[in-house]
Amino acid sequence: MTDHSNSKAALIAELNGLLADHFALFTKTKNFHWHVKGPRFRDLHLLFDEHAIEIRDQIDDIGERVRKQGGETLTSIGAIAKHTQITDQDGTSISPDEMVSELRDDNQKMVDRLKKLKGLCEEAGDNATDGLVDDWTDMAEERVWFLSSILG
């Protein structure tokens, strides 16, 4: 393998990790959307849904970048679980602040992964993914900002 193909393999692996994170964070965000309770219900219910839709809408673009690079995408729930850095939350009665805090931390993990991905794009010479990563990073940073602001 040449250095370029090593760079491409690393990029594909990290894109699949990002794909797994998006699937997992979409599911967690929808869980919280459905189960949030309390005086801030309406605001958080709507915010979580907006975030879930934004995350969901990036999934296909990420998978297509993997394929355009000649890689194979994730194929199952098991593959998602194996490659994500997002921790499951099966609780349905955690407090709204705990939900916001978990989502903030998970979105920050995504920002960190995207920043790593940016360097891999450059190493692999993938300008198209590089440009998309900027947009995805901006969206994830905005989610972190919104969620952090809720916590004060």
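Above: the structure in question.
Summary of the structure given here.

Here is what the cut-offs are and how they apply
- Residues numbered from 1 in each chain as written.
- Predicted model: local features only at pLDDT ≥ 70, side-chain atom pairs only at ≥ 80, totals over all residues.
- Heavy atoms only, no water.
- Helix = DSSP H or I, 4+ residues; strand = E, 2+ residues; numbered from the N terminus.
- Rg over C-alpha atoms; globule rule 2.2 N^0.38 Å.
- Buried < 20%, exposed > 50% of the residue type's maximum accessible area, 1.4 Å probe, protein only.
- Contact = heavy atoms within 4.5 Å.
- Areas by Shrake-Rupley, 256 points an atom, 1.4 Å probe, with all protein chains shown as cover.
- 1 Å grid on protein atoms, 1.4 Å probe; cavity = no way out; pocket = protein on both sides within 12 Å on 5 of 7 lines; lining within 4 Å.
- Points joined across faces, edges and corners; volume = space filled by probe spheres on them.
- Phe/Tyr/Trp six-rings, centres within 6.5 Å; stacked < 30°, edge-to-face > 60°.
- Polar contact = N/O pair within 3.5 Å; in protein donor to acceptor, adjacent residues only side chain to side chain.
- Salt bridge = Lys/Arg side-chain N within 4 Å of Asp/Glu carboxyl O.

### Some thoughts on the overall build of the protein
Within the protein, the secondary structure is distributed over five helices and zero strands. Shown N-terminal to C-terminal, the secondary structure of the protein runs as helices and strands in the order α-α-α-α-α. Taking 152 residues into account, the globule formula puts the C-alpha radius of gyration at 15 Å, and the protein, at 16 Å, falls close to it. Considered along the principal axes of its C-alpha atoms, the protein spans approximately 55 × 30 × 20 Å. Per-residue burial over the protein gives 43% buried out of 152 residues. A fraction of 82% describes how many contacts in the protein between residues 6 or more apart in sequence connect residues 24 or more apart. Surface exposure of the protein reaches about 8000 Å², of which carbon and sulfur atoms provide 51%.

### Focus on the layout of surface pockets
For the largest pocket, the calculated volume is near 290 Å³. Forming the boundary of the largest pocket are 14 residues, of which Phe-23, Ala-24, Thr-27, Ile-80 and Asp-88 lie nearest the centre. Counting only elements with at least two residues in the lining of the largest pocket, the list comes to helix 1 (3-35) and helix 3 (77-83).

### Brief notes about the packing of aromatic side chains
Under the defined criterion, the tally for this structure stands at two aromatic pairs. Taken together, a centroid distance of 6.4 Å and an interplanar angle of 50° make the contact between Phe-32 and Phe-48 tilted. Of the two residues, Phe-32 sits in helix 1 while Phe-48 sits in helix 2 (residues 41-68), which places them 16 residues apart along the sequence. In this pair, the class of Phe-32 matches that of Phe-48, namely buried.

### A look at the environment of Asn-16
Take Asn-16: it is sitting in helix 1. A relative accessible area of 9% means that Asn-16 is categorised as buried. C-alpha of Asn-16 to C-alpha of Ala-79: the two residues are 63 residues apart in sequence and 9.3 Å apart in space. Ignoring sequence-local partners within four residues, the contact set of Asn-16 consists of Val-66, Glu-72, Thr-73, Leu-74 and His-83. At 3.3 Å, the side chain of Asn-16 forms a polar contact with the backbone nitrogen of Leu-74.

### Topic: the side chain of Lys-30
Note on placement: Lys-30 falls in helix 1. Sequence-distant contacts of Lys-30, defined by excluding residues within four places in its chain, comprise Asp-49 and Ala-52.

### Regarding the environment of Met-99
You can see Met-99 is positioned in helix 4 (residues 96-124). A residue is classified by how much of its surface remains accessible, and Met-99, at 0% relative accessible area, is buried. Spatially, the C-alpha atom of Met-99 lies 13 Å from that of Ile-86, the residues being 13 residues apart in sequence. With residues up to four places along the chain from it excluded, the contact list for Met-99 reads Phe-32, His-35, Val-36, Phe-48 and Ile-94.

### Looking at the pattern of salt bridges
Going through the model one piece at a time under the given rule, you end up with 16 salt bridges. A salt bridge links Arg-113 to Asp-21; its shortest N-O distance comes to 2.8 Å. Of this pair, Arg-113 sits in helix 4 while Asp-21 sits in helix 1, and the two are 92 residues apart along the sequence. The residues Arg-113 and Asp-21 share a single accessibility class, namely buried. Two residues, Asp-97 and Arg-40, come together in a salt bridge whose shortest N-O distance is 2.7 Å.

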